[in-house]
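Residues per chain, in single letters:
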Amino acid sequence: MIVVLQKNITTHNKELIHIYLKDRGFSVREQNLGDDIIIGAFGKGVADIRELGILPGVERVTATSKPYELASRETKNENTIVTVGGGSTPAVKIGGSRITMIAGPCAVEGKEKIMEIAAMIRESGAVILRGGAFKPRSSPYSFQGLGMKGLEYMKAAGEAYGMPIVTEIVSPELAEPMKDLTDMFQIGARNMQNFELLKKVGSLGKPVLLKRGPSATIEEWLLSAEYLMASGTKDVVLCERGIRTFETYTRNTLDISAIPVVKGLSHLPVIVDPSHAVGIRAMVSAAGLSAIAAGADGLAVEVHQKPDEAFSDGAQSLFPEQFEKLMRDIEAMAPVMEKELLRTPKPHFAFSGSAVFAQEQNKTSKTDEQSEEQIVFCGEAGAYAEQAIMRVFGEDSKRVKVDTFPGIFDAVLEGKAQAGVVPVENSLTGSIHENYDLFLRYPDVVIVGELKLRIVHCLIADERADMDSIKIIRSHPQGFAQCKDFLDKHPDWILEPVTTTASAVASIAKDGAVKVAAIAAEAAAKIHGLKVLREGIETNPLNYTRFLIIARRLAPVPSSLGSAKPNKASIVFSVQDEPGSLFACLKILSDKGLNLSKLESRPITGKPWEYLFYADVSIPDSEESFDSVIEELKAKAKDFHFLGSYRASL
Ligand code: PEP
Ligand code: MN
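So, how was this worked out
Residues numbered from 1 in each chain as written. Chains lettered and ligands numbered in written order. Predicted model: local features only at pLDDT ≥ 70, side-chain atom pairs only at ≥ 80, totals over all residues. Heavy atoms only, no water. Donors = N, O, S within 2.8 Å, 3.2 Å for Na, K, Ca; no water. Helix = DSSP H or I, 4+ residues; strand = E, 2+ residues; numbered from the N terminus. Buried < 20%, exposed > 50% of the residue type's maximum accessible area, 1.4 Å probe, protein only. Near = heavy atom within 4 Å. Polar contact = N/O pair within 3.5 Å; in protein donor to acceptor, adjacent residues only side chain to side chain. Areas by Shrake-Rupley, 256 points an atom, 1.4 Å probe, with all protein chains shown as cover. Contact = heavy atoms within 4.5 Å. Pairing = 2+ DSSP bridges. Axes fitted to C-alpha atoms, helices over the stretch in contact; angles between N-to-C directions.

Visitor: Is there a simple way to think about the coordination of the manganese ion (ligand 2) in this case?
Guide: Octahedral metals with six donors have ideal donor angles of 90 or 180 degrees. Tetrahedral metals with four donors have an ideal donor angle of 109.5 degrees. The protein atoms donating to the manganese ion (ligand 2) are Cys-106 (SG), His-276 (NE2), Glu-302 (OE) and Asp-313 (OD), with metal-donor distances spanning 2.0 to 2.4 Å. Each donor residue of the manganese ion (ligand 2) belongs to the same chain, with the gaps between them written as C-x169-H-x25-E-x10-D. Of this pair, Cys-106 sits in the loop between strand S7 (98-104) and helix H3 (111-124) while Glu-302 sits in strand S14 (residues 298-302); the two residues are 196 residues apart in sequence, bridging distant segments of the chain. Each of the two residues, Cys-106 as well as Glu-302, counts as buried.

Structure representation (structure tokens):
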């Protein structure tokens, strides 16, 4: 049973509730769950829920139908986001709309070796380093790990490359010595039901990666999470790593269906370890990709620089090149899953250690407190642009609404916001020219990032409405255009265009009419407590909107965008009115092998029949050759504007 307390409850009233519950045979634990302060009442106590509900300071009482309560989605509906690290490494989040990649060797095998593999996996995009210092081996004669020394090496490698670390704890006595060295504890599959270990680790309050036991049911797994949470930590990440079945071809059987099942039952993030699940290197990536497709919040993958010489689990460890390929595949898949592959800033100097990294962190803005960055968008809460911000800057980012697209540029220029998001193009309906043109009106605003967001449109209406009661549809004209096939099936509906999809939803919430529906994102329906009548009504499921992230020229790039080198630039130019002039400009790009991913012409305002060309080009590895291309283009073109360079979104 969960007792949710009022925010302003007095200490005295809180004590009375504790006493009330204890007197009735419950063991109690108070903790913060999201924004709520709750008291979990466990055990075989008996209490009248209605009587409890009217005690002073009680907001509500929830009797859960599951034996696990703190871990249950019935107790907390929104997804938990676990933060690992921070301080001497970037803070890494697991859960929500991101895919978090954990990688490293099965075991720490030596100082140089862990440094080398940490550098490699970091280069491919891993954000947390894994590795066992204490190895729970099935045979007592197998390598047992380097112990505390190994953990020290790992911490040093994590700090050198800007990654928090996760490592397995095998006995409660190790909790104290390990707690300041590791950022996250791993409870191994063999120890999932070692309850004394769970209680001790839970009491430290640090994030825990809880592997599923090879023979554990989902309910047993969640009860183990409950042990950790009831002992004091709220940051538990569940890890499916394969279970024992009659199949012997693979080391275990990856229980893919456990991912959506557990996500339904619990608010905790779920990641997958495909390495221990299949045990055969050639199949690890396929299993990992399928886990992402099934909704996993990330992967933990074993990678070794020389798998054939690994002290343990070499057969299932990926070569670094295989891990690199897996990362690329996941990056390509992420938008389909409506997620973003998480990136974190890297320390500027390899092997420079924690001190330099911490200084760098302080100089620029903070990664773990992204809420300090105010990001501006046009529209209402629940707009796709707001989702774009959450994907790039995190759910806890500070989001500021304005009513017009130029308002975004104004807010950024005046320093009221660190960045803004502007939709410029949709994969079904093409460019949003008005927004493109704003870049010319605001030369001191530059593009610093890009996000391609998958757009899933829903038909949203009042709780009492149904398909037959609907007569009027409200949305942005782009929303109508993107759902043309669906709307064509209902020729009697009257279409009412409004300024944003989210404002269409807000207007229905206000009217409460059963004959009006909106085309917008599911998030907007949730915010206004409305019903989704149909989901996925866009004509083509490959429906993406491209948002550009803008900032003031010369202002520091928001740290949430990571420190990866830009690989794409946007330019605008016009050419002389003579034969071959456009060709001459494009030839400069082609001679230097620069890919042109977009070229579009626009009429120049106030100059009838004269045109500007908007182009997106790839940036080669060598910056000098890019600079020389830009110089040549400037010389050849009539007018030239550099809109910004950024990391391309896949
Ligand atoms: C490991 O992650 O190295 C490990 C031993 O995993 P599991 O507990 O899932 O077997
Ligand atoms: Mn292993």
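Visitor: What should I look at first to understand the site of ligand 1 in this one?
Guide: Surveying the vicinity of ligand 1 reveals the residues Cys-106, Arg-130, Lys-135, Glu-168, Gln-186, Gly-188, Ala-189, Arg-190, Lys-211, Arg-241, His-276 and Glu-302. A distance of 2.7 Å separates an oxygen atom of ligand 1 from a polar backbone atom of Ala-189. At 2.9 Å, a side-chain N or O of Lys-211 approaches an oxygen atom of ligand 1. When the free accessible area of ligand 1 is taken as 300 Å², the share hidden by the protein chains comes to 97%.

Visitor: Where do I start with the side chain of Arg-602 in this structure?
Guide: Looking at where Arg-602 falls in the secondary structure, it is placed in strand S28 (residues 596-604). Judged by relative accessible area, Arg-602 falls into the buried class, the value being 17%. Side chain to side chain, Arg-602 and Asp-437 meet in a polar contact 2.6 Å long. Apart from residues no more than four positions distant in its own chain, Arg-602 is found in contact with His-433, Asp-437, Glu-610, Tyr-611, Leu-612 and Tyr-614.

Visitor: It is not clear to me how the sheet that holds strand S4 (residues 58-62) should be interpreted in this structure. Could you clarify?
Guide: With respect to topology, 4 strands assemble into an open sheet ordered S2-S3-S1-S4, the strand pairing being antiparallel. Two strands bound the open sheet, and with one partner strand each, they are strand S2 (27-33) and S4. Strand-to-strand twist across the sheet, computed as the mean angle between neighbouring axes with direction ignored, equals 20 degrees. Sitting on the sheet, helix H1 (residues 11-23) is in contact with strand S1 (2-5), S2, strand S3 (36-42) and S4, with an inclination near 140 degrees to S2. Together, S2 and S3 form the strand contacts of helix H7 (residues 218-231), whose direction differs from that of S2 by roughly 85 degrees.

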